[in-house]
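Chain by chain, the residues:
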Amino acid sequence: MDKLPLTWETMAARAGKGAAPLATTPTVNPIYQTSVFTFESLDQVDAAFAGQPGGYVYSRIHNPNHAVLETTLAELEGGEAAVVVASGMAAIQITCLAHLQAGDRMLVTRDCYGGTQVQFLQEFTRFGIKVDLVDFSDLEMVAKELDAGARLVYLETISNPLMKLVDIKAISKLAHDYGALVVVDNTFASPYVCQPLQLGADLVVHSLTKYINGHSDVMGGVVIGSGELLQSIRRVATNLGPTPSPFDNWLILRGVKTLALRMERHCANAQELAEMLAAHPAVLSVHYPGLTTAVDHEPALRQFCQGFGGMLSFEVTGGTEGAEEVMRALRLIDLVPSLAGVTTTVSHPAKTSHRGLSETERAALGIGDGLIRLSVGIEAVSDLKADLGQALDLLLA
Ligand code: PLP
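**Looking at the overall build of the protein**
When you go through the protein residue by residue, the secondary structure sums to 15 helices and twelve strands. Its C-alpha radius of gyration of 24 Å places the protein within 12% of the 21 Å reference for a compact globule of 397 residues. Seen through its principal axes, the protein has C-alpha atoms that stretch 85 × 50 × 35 Å. For the protein, the proportion of its 397 residues judged to be buried stands at 50%. Contacts in the protein between residues at least 24 apart in sequence constitute 74% of all its contacts with a sequence separation of at least 6.

What follows is the structure, encoded as structure tokens:
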């Protein structure tokens with residue numbers, strides 16, 4: 001067809017349309033920064049709505065950057081399918097809402113991430129979902145709770161801030177005996193360290209904001225599992241709309257490319273720091289499953305694929321003041337209330353994630369005022385040791 005002669009205004013409005021097609025393939029997947037896709041015909045519309053591969057319609061529903069990230073994450077976690085959304089909280093929300101109805105009961109690990117607990121207790125209960133916090137280390141109690149009726153069991157691979165493990169295999173078996181679905185938040189471990197689907201879990205969620213992106217510069221979340229369980233989760237995601245932008249998907253995929261290398265270093269550095277901290281006289285206790293003396297060392301050897309993760313916590317002498325003195329004296333390691341980036345950071349659970357609890361409640365969970373959580377980065381471990389060493393030595397003066 002001949003081109004119509006166009007006015008200046010129309011040419012401006014259509015800038016970029018009709019760019020020459022590529023004769024070569026971009027080495028890196030490009031960013032499809034478009035909210036919608038154009039069709040040649042109504043037949044093409046029908047094919048796209050019928051699920052034709054590559055038949056994108058609207059970026060809230062799907063976009064090539066979204067799709068390639070979902071396929072990659074499903075493969076890395078050993079699942080059939082994945083749904084990627086704009087934050088870890090959104091991933092948890094769509095996962096549970098897709099599989100729960102008003103009147104259903106869910107069992108949630110007692111020491112799960114504070115934000116998750118608040119989402120369940122403040123928001124889900126408003127819609128008639130019953131939420132009970134359970135100590136999953138007590139399997140007899142878990143069986144009793146399941147016997148009382150539960151549709152969904154919600155766990156975390158490594159707890160925050162005490163890095164405790166639960167027996168995912170045993171709990172999954174028990175939950176399945178009672179017809180309950182098992183959802184595991186694998187954020188603290190990453191699929192490098194642990195793959196809960198292989199241990200019997202039905203669905204895995206991640207805050208992609210953490211290790212999987214790994215650079216503290218984007219938010220994201222994912223749920224991974226069987227194609228069948230993911231169907232209703234995708235429907236809920238499409239209807240509620242927590243879709244990430246093409247650029248965020250692209251950034252996370254870029255992060256994934258170095259996940260194995262980063263995790264290898266996170267784990268090796270954490271192991272060395274945990275051993276160094278355990279030997280320091282100003283440290284009362286160290287929580288890291290890689291320590292052979294840790295109660296969770298054996299379970300970690302059984303459940304983890306490799307390494308013991310990059311997260312640890314330790315209690316210093318002197319309570320809050322002791323912790324504050326150490327954190328203030330650190331010259332390299334910043335105080336940051338998040339985790340899993342390439343630089344090492346500290347946080348103080350009593351004043352951040354667990355500040356809503358009284359001192360007695362925190363003590364009952366084993367979270368002392370002198371507890372410092374360390375998200376171990378990928379720097380040279382000698383620099384990290386020097387920084388922690390000089391800060392801790394001040395407590396001996
Ligand atoms: N799960 C865990 C274990 C977390 O630590 C967090 C956030 O810190 C979340 C989920 C929520 O993820 P996001 O902040 O990406 O919404």
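That was the structure; now back to the text.
**Some points on helix H15 (residues 381–393)**
Compared with an ideal rise of 1.5 Å per residue, which puts 13 residues at 18 Å, H15 spans 18 Å between its outermost C-alpha atoms and is within 8% of the ideal. Residues of H15 that are buried include every one of Val381, Leu384, Asp387, Leu388, Gly389, Ala391 and Leu392, and no others. Check the buried side of H15 and you find it contacts helix H11 (259–278), strand E8 (283–287), strand E9 (311–316), helix H13 (319–329) and strand E12 (371–375).

**Some points on the state of the cysteines**
Counted according to the given criterion, the structure contains zero disulfides. Cys112 takes part in no disulfide bond, and the closest cysteine sulfur to it belongs to Cys96, at a distance of 10 Å. Note on Cys267: no disulfide assigned, nearest cysteine sulfur contributed by Cys305 at a separation of 11 Å.

**Overview of a nonpolar patch on the surface**
On the surface, a nonpolar cluster with roughly 520 Å² of combined accessible area is contributed by Leu4, Leu6, Trp8 and Met11. Assessed through its relative accessible area of 46%, Met11 is described here as partly exposed.

**Description of the site of the ligand**
Near the ligand you find 13 residues, and of these Met89, Asp185, Ser207, Thr209 and Lys210 are the closest. Here an oxygen atom of the ligand sits 2.6 Å away from a polar atom, N or O, in the side chain of Thr209. Relative to its unbound accessible area of 390 Å², the ligand is 90% covered by the protein chains. Given that more than half its atoms are within 2 Å of the pocket grid, the ligand belongs to the largest pocket. Tallying contributions element by element places helix H4 (residues 88–99) first for the shell around the ligand, with three residues.

**Examining the nonpolar core**
Among the nonpolar cores identified, the biggest contains 83 residues, and Leu312, Phe314 and Leu374 are the most heavily contacted of them. Looking at this core element by element, the count peaks at eight residues for H11. When we break this core down by domain, the ones giving at least three residues each are domain 1 (42–256) and domain 2 (259–396). Dropping the residues within four chain positions of it, Phe314 is found in contact with Leu277, Val283, Ser285, Val286, Gly370, Leu371, Ile372, Leu374, Leu388 and Leu392. With 29 residues, the next largest nonpolar core counts Val85, Ile94, Val183 and Leu230 among its residues.

**Examining unusual backbone geometry**
For the bond from Asn160 to Pro161, the omega torsion is 5°, close enough to zero to count as cis. As for its position among the elements, Pro161 is in the loop between strand E4 (152–156) and helix H7 (168–177). A positive phi angle is found at Ser216, which is not glycine, with a value near 55°. By the secondary structure assignment, Ser216 is in the loop between strand E6 (203–207) and strand E7 (221–225).

**Re the pairing of E4**
Here is the key point about a regular strand: its side chains alternate between the two faces of the sheet. Within E4, five of the five residues are buried, which leaves the element mostly enclosed by the surrounding structure. Residues of E4 alternate between two faces, with Leu152, Tyr154 and Glu156 on one and Val153 and Leu155 on the opposite face, all of them buried. Relative to E4, strand E2 (residues 105–109) runs parallel, the two sharing three bridges. The residue bridging Leu107 from the neighbouring strand is Val153, located in E4.

**Side note on the pairing of strand E1 (residues 81–85)**
With five of its five residues buried, E1 lies for the most part within the structure. Of the two faces of E1, the one lined by Ala81, Val83 and Val85 and the one lined by Ala82 and Val84 are each fully buried. Bridge count for E1 against E7 is five bridges, and the pairing is antiparallel. Each residue of the ladder has a partner; that of Ala81, found in E7, is Gly225.

**A word on the pattern of salt bridges**
Evaluation of the coordinates by the stated rule reveals eight salt bridges. The salt bridge involving Asp177 is made with Lys173; its shortest N-O contact spans 3.3 Å. Of this pair, Asp177 and Lys173 both sit in helix H7, four residues apart, roughly one helical turn. Pair check on accessibility: Asp177 and Lys173 agree, each one exposed. Notably, a salt bridge pairs Glu272 with Lys385, separated by 2.7 Å at the nearest N-O pair. A residue pair is termed long-range when its members are at least 10 positions apart, and Glu272 in helix H11 and Lys385 in helix H15 qualify at 113 residues. Since its relative accessible area comes to 30%, Lys385 is described here as partly exposed. Members of the salt-bridge network, linked through shared partners, are Arg105, Asp132 and Glu145.

**A closer look at the domain arrangement of the protein**
Parsing the protein into structural domains produces domain 1 (42–256) and domain 2 (259–396). Taken over C-alpha atoms, the centre of domain 1 sits 27 Å from the centre of domain 2. Counting residues at the interface gives 31 residues for domain 1 and 37 residues for domain 2. Taken together, both faces of the contact between domain 1 and domain 2 bury some 2,900 Å²; the carbon and sulfur share is 64%. For the domain 1 face of the interface with domain 2, the top three residues by lost area are Leu165, Tyr192 and Tyr211, together amounting to 29%. In this assembly, domain 1 and domain 2 are joined by zero salt bridges. Taken together, the links from domain 1 to domain 2 amount to 13 residue pairs in polar contact (both at pLDDT 80 or more). Elements represented by at least two residues in the side of domain 1 that touches domain 2 include exactly H7, helix H8 (190–193) and helix H10 (246–256). If one sorts the elements of the side of domain 1 that touches domain 2 by residue count, H8 sits on top with four residues. Of the residues contributing to the side of domain 1 that touches domain 2, the split by class is 17 nonpolar, nine polar and five charged.

Rules used in this analysis
Each chain has its residues counted from 1, following the order in which its sequence is written. Reporting in this predicted model follows two pLDDT cut-offs: at least 70 for local features of residues, and 80 or more for side-chain atom pairs to be given and counted; totals over whole chains, interfaces and linings ignore these cut-offs and use all residues. With hydrogens and water set aside, each side-chain value is computed from the structure's full complement of heavy atoms. Helix numbers and strand numbers start at the N terminus; a helix is a DSSP run of H or I with at least 4 residues, a strand a run of E with at least 2. In this setup the radius of gyration rests on C-alpha atoms only. A globule is expected at 2.2 Å times the number of residues raised to 0.38. Residue burial is assigned from relative accessible area. The probe radius is 1.4 Å, only protein chains are included, and a residue is buried under 20% of its type maximum, exposed over 50%, and partly exposed in between. Residue contacts are defined here by distance: any two heavy atoms, one from each residue, within 4.5 Å place the two residues in contact. Helix span, expected: 1.5 Å multiplied by one less than the number of residues in the helix. Here, a disulfide means two cysteine sulfur atoms that sit within 2.5 Å of each other. Only residues above 30% relative accessible area that lack a salt bridge enter a patch, with like-charged residues linked at up to 9 Å and the nonpolar side chains Val, Leu, Ile, Met, Phe, Trp and Tyr linked at up to 5 Å. The accessible surface values rely on the Shrake-Rupley method and a 1.4 Å probe; as for residues, cover is taken only from the protein chains in view. Think of a salt bridge as a Lys or Arg side-chain nitrogen and an Asp or Glu carboxyl oxygen that are within 4 Å of each other. One heavy atom within 4 Å of a molecule or strand makes the whole residue count as near it. Polar contact criterion, stated in full: a pair of N or O atoms within 3.5 Å, where within protein one must be able to donate a hydrogen and the other to accept it, and residues adjacent in sequence count only if both atoms are side-chain atoms. Within this scheme a cavity is a closed region of a 1 Å grid, computed over the protein atoms alone, that accommodates a 1.4 Å probe without allowing it to escape, whereas a pocket is open but has protein on both sides within 12 Å along at least five of seven lines; lining residues each have an atom within 4 Å of a point. For a cavity or pocket, the test is whether more than half of a molecule's atoms lie within 2 Å of its grid points; if they do, the molecule sits there. Definition used in this section: a nonpolar core is a set of buried Ala, Val, Leu, Ile, Met, Phe, Trp, Tyr and Cys residues joined via side-chain atoms within 4.5 Å. What marks off one domain from the next here is an automatic or database domain assignment. Here, strands pair whenever DSSP counts at least two bridges between them. Once two parts are joined, some of their accessible surface, as seen by a 1.4 Å probe, is lost; buried area is that loss totalled over both. Residues are grouped as follows: nonpolar covers Ala, Val, Leu, Ile, Met, Phe, Trp, Tyr, Cys and Pro; charged covers Asp, Glu, Lys and Arg; every other residue, Gly included, is treated as polar.

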